[in-house]
Amino acid sequence: MSSPRLLVLFGSQTGTAEDVAERLGREARRRRLGCRVLSLDAYPVVNLINEPLVIIVCATAGQGDPPDNMKNFWRFIFRKNLPPTSLCQVDFAVLGLGDSSYVKFNFVAKKLHRRLLQLGGCALVPACLGDDQHELGPDAAIDPWLRELWVQVQERLPSPAGLSAIPPGVPLPSKFTLHFLPGAPKTEEQQAPPAGPQEPPSQLRPFLAPMVSNQRVTGTSHFQDVRLIEFDITSSGVSFAAGDVVLIQPENSASHVQQFCQLLGLDPDQNFMLQPREPDATCPARLPQPCSVRHLVGRYLDVAGVPRRSLFELLASLSPDELEREKLLEFSSAGGQEALHAYCTRPRRTVLEVLCDFPHTAAAVPPDYLLDLIPPIRPRAFSIASSLVALPGRLQVLVAVVQYRTRLKEPRRGLCSCWLASLDPGQGPVQVPLWVQPGNLTFPETADTPVVMVGPGTGVAPFRAAIQERVARGQTGNVLFFGCRQRDQDFYWEAEWQELERRGCLTLVTAFSREQQQKVYVQHRLREHGPLVWELIDQQGACFYLAGNAKSMPAEVTEALTSVFQEQGGLSGPDAASYLTRLQRTLRFQAETWA
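Sequence positions are assigned chain by chain, starting from 1 and proceeding in written order. Only residues with pLDDT of 70 or above have their local features reported here, since the model is predicted, and side-chain atom pairs are shown and tallied only from 80 upward, although totals for entire chains, interfaces and linings are computed over all residues. With hydrogens and water excluded, all non-hydrogen atoms of the structure serve as input to the side-chain values.

Regarding the side chain of Thr 60
We count it as follows: Secondary structure is summarised from DSSP: a helix means a run of H or I of at least four residues, a strand means a run of E of at least two, and numbering begins at the N terminus for each. Exposed residues in this analysis have more than 50% of their type's maximum accessible area, buried residues have under 20%, and partly exposed residues fall in between, with area computed by a 1.4 Å probe over protein chains only. Polar contact is defined as a pair of N or O atoms within 3.5 Å, subject to the rule that within protein one atom must be able to donate a hydrogen and the other to accept it, and that residues adjacent in sequence are counted only when both atoms are side-chain atoms. Should any heavy atoms of two residues lie within 4.5 Å, those residues are counted as being in contact.
Residue position: Thr 60 is located in the loop between β3 (53-59) and α2 (71-77). You can call Thr 60 buried: its relative accessible area is 17%. Of note is the side chain of Thr 60, whose polar atom sits 3.3 Å from the backbone nitrogen of Phe 107. From its side chain, Thr 60 meets the backbone nitrogen of Val 108 in a polar contact 3.1 Å long. In contact with Thr 60, not counting residues within four places along its chain, are Asp 65, Leu 97, Lys 104, Asn 106, Phe 107, Val 108 and Ala 109.

Following this line, the structure appears as structure tokens:
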């Protein structure tokens, strides 16, 4: 293979952009092209000027934010002092992944494409804007875009003379080899080494936090199980402020581990050493060496996740069964995306369920391909719902347990939330791997700056931390708009809010959507209390915060706030929009939303 010439960089929040980047890397290998695939923040961005051909795959997170693993790249590439000819030697392409139901659809890809052009780069093709809302998902835009992209790439980087492309039905070499160790299998638990005394916990060295309590806080007749979970973080090195998030690394259930191992003919207690095939590649840092199959399947491979197209592509190349291979090839082809969506994406079928549906193929998967086939389990982020000032040595989270039905027989279950809900510290010691990182919300430190917080449902969690912190420090002007379905079913921390109201530390405005014929939400209450909101923001310099589900609530709350500016401040539509933009630019309007 020729020396690396093509560079594929990705910024990924949930793994989709990384999967697309790996797909580009595989296609380059099939065309006999050297190719590196790296996350944007793992690549030394100062070297970009020396790259002849770069493809960047990037998702848009939250409300138009770059993913966590491209934030350093993002800050660098938008430096104002970069010369306009910085990338004049670079040919590039940008592939974006977004959701058109959000206002800032593919904002990161669009802005990055424009910036690379400003710096002198030459675009091979227009930016691709993949859309989760399309009935076939992002691939509806990606497939035709890739056909044009490869035409442009091969004009600049032709395949080596005398070497033909590797056809799709032939498997590429696996990234790693698993060397099984002789001797009696070992069954002890394998954990990452704990963080040292001077370093805070991280994904590679999480803190195994003892769970103190796991309490359901919704009524027994409420449709959703929501838990208030408390951890003991004494002597952990974990430190946080209001607005920060905790990341929790979940694991697969024992029954899923057993079922997976039976399907693939693996001994869960067998140990192995992992070795990369490429000399410059490294093994996943989260996997111990040696590692047991039980640890790999239970704590690393996301067998409960919904598979992406790449799984079907690889299974098709490995399948010894003609009927199964034919169906897998259909699902992995561009023409089979509607069938794949109906089979897999729409009903949320899992990797494990797919393998059960293709048993002859599953039984023939070589262990070396496990890490190519199945992505790693990703940590889940939760807003921290407590303050160290009020609760020293403790960390609390509010977790909505995800469970719903599709046309499949078994209900769909969120891996992390259901795993957490299943843990019972009353039955014996329970430890959960976690670490903390900054969130998108920062609260004013000045004593006289009021805050207006809008947190419907579990979106109230970060505001409980902020209110605890502010009250403990004597900060006044705390206004909370909280919404839920019914007062007696999902009114989180009702007694706590009422006590703070009684003490004059909090102004609470509630919206119980199902307690009257006409549904009432937080955006309606915001309009009703327009004079108070305008007085706090315009006259007293208050900061405005929003947290909760990202689907429609943020846009509706923002619209309500803009109408308050018009009605109470006498601003025109354009002036109200400009006023909101100034608040956002000066961090007096902040949002933390999730899908």
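Next comes the rest of the write-up.
Description of helix α5 (residues 254-264)
This is how it is decided: Our arc is simply the arc of the directions from the helix axis toward the C-beta atoms.
Buried within α5 are the following residues: Val 257, Phe 260, Cys 261, Leu 263 and Leu 264. An end-on view of α5 places all buried positions within 160 degrees of arc, on one side of the element. More than 90 degrees from the buried face of α5, the exposed residues found are Ala 254 and Gln 262. The secondary structure elements touched by the buried residues of α5 are α6 (293-299), α10 (351-357), α11 (359-364) and α12 (370-373). The first or second residue beyond α5 is Gly 265, which carries a positive phi of 70 degrees.

A short note on the sheet that holds strand β12 (residues 291-292)
Stated formally: Two strands qualify as a pair provided that DSSP identifies no fewer than 2 bridges between them.
An order of β7-β11-β12 is seen for the three strands of this open sheet, with the pairing classed as antiparallel. Of all the strands in the sheet, just β7 (176-180) and β12 have a single pairing partner and so form its edges. Judged from the five bridges that link them, β7 and strand β11 (residues 271-276) form a sheet pairing that is antiparallel. Its bridge partner lying in β11, Thr 177 is registered against Gln 275.

Brief notes about unusual backbone geometry
Cis rather than trans, the peptide bond between Gln 289 and Pro 290 has omega equal to -5 degrees. Inspection of the secondary structure assignment puts Pro 290 in the loop between β11 and β12.

A short note on the UniProt feature "binding site: FAD" (unreviewed entry) in the protein chain
Defined as follows: UniProt positions are given in the numbering used here, feature names are shortened, and annotations may be inferred rather than shown by experiment.
Within this structure's numbering, the places UniProt gives as "binding site: FAD" (unreviewed entry) are Arg 348, Arg 380, Ala 381, Phe 382, Ser 383, Gly 414, Leu 415, Cys 416, Ser 417 and Trp 594. Considering the C-alpha atoms alone, the annotated residues occupy 247 residues of sequence and remain spread out, their largest mutual distance being 25.6 Å. Positionally, Arg 348 belongs in the loop between α9 (337-345) and α10. For Arg 348, a relative accessible area of 34% corresponds to the partly exposed category. Other than its neighbours up to four places away in sequence, Arg 348 contacts Val 306, Glu 353, Tyr 404, Thr 406 and Arg 412. When you line up the elements, Trp 594 lands in strand β22 (residues 589-594). Looking at Trp 594, the relative accessible area reads 30%, which means it is partly exposed.

Let's talk about the pattern of salt bridges
Where charged atoms of side chains with opposite charge meet at close range, the side chains can pair. Short version of the rule: Every case where a carboxyl oxygen of Asp or Glu lies within 4 Å of a side-chain nitrogen of Lys or Arg is listed as a salt bridge.
For the structure shown, the criterion picks out 29 salt bridges. Here Glu 410 and Arg 413 are joined by a salt bridge, their closest N and O atoms 3.9 Å apart. Its relative accessible area of 43% is what places Glu 410 among the partly exposed residues. Taken together, the salt bridges that share partners define one network made up of Arg 23, Asp 139, Asp 143 and Arg 309.

A few points about the packing of helix α18 (residues 530-539) against helix α19 (residues 553-569)
The condition is simple: Geometry is summarised by axes, namely lines fitted to C-alpha atoms with helices restricted to the contacting stretch, and by angles between N-to-C directions that run from 0 to 180 degrees. If an angle is under 35 degrees, it is roughly parallel; if it is over 145, roughly antiparallel; if it lies from 65 to 115, roughly perpendicular; otherwise it is oblique. Residue polarity follows a fixed list, in which Ala, Val, Leu, Ile, Met, Phe, Trp, Tyr, Cys and Pro are nonpolar, Asp, Glu, Lys and Arg are charged, and the others, Gly among them, are polar.
At their nearest, the axes of α18 and α19 sit 9 Å apart, and the two run at 90 degrees to each other. By the criterion of interaxial angle, the relationship of α18 to α19 is roughly perpendicular. Here Gly 530, Pro 531, Val 533, Trp 534 and Ile 537 of α18 lie close against α19, whose contacting residues are Leu 561, Val 564, Phe 565, Gln 568 and Gly 569. Split into classes, the residues belonging to the contact of α18 with α19 amount to seven nonpolar, three polar and no charged.

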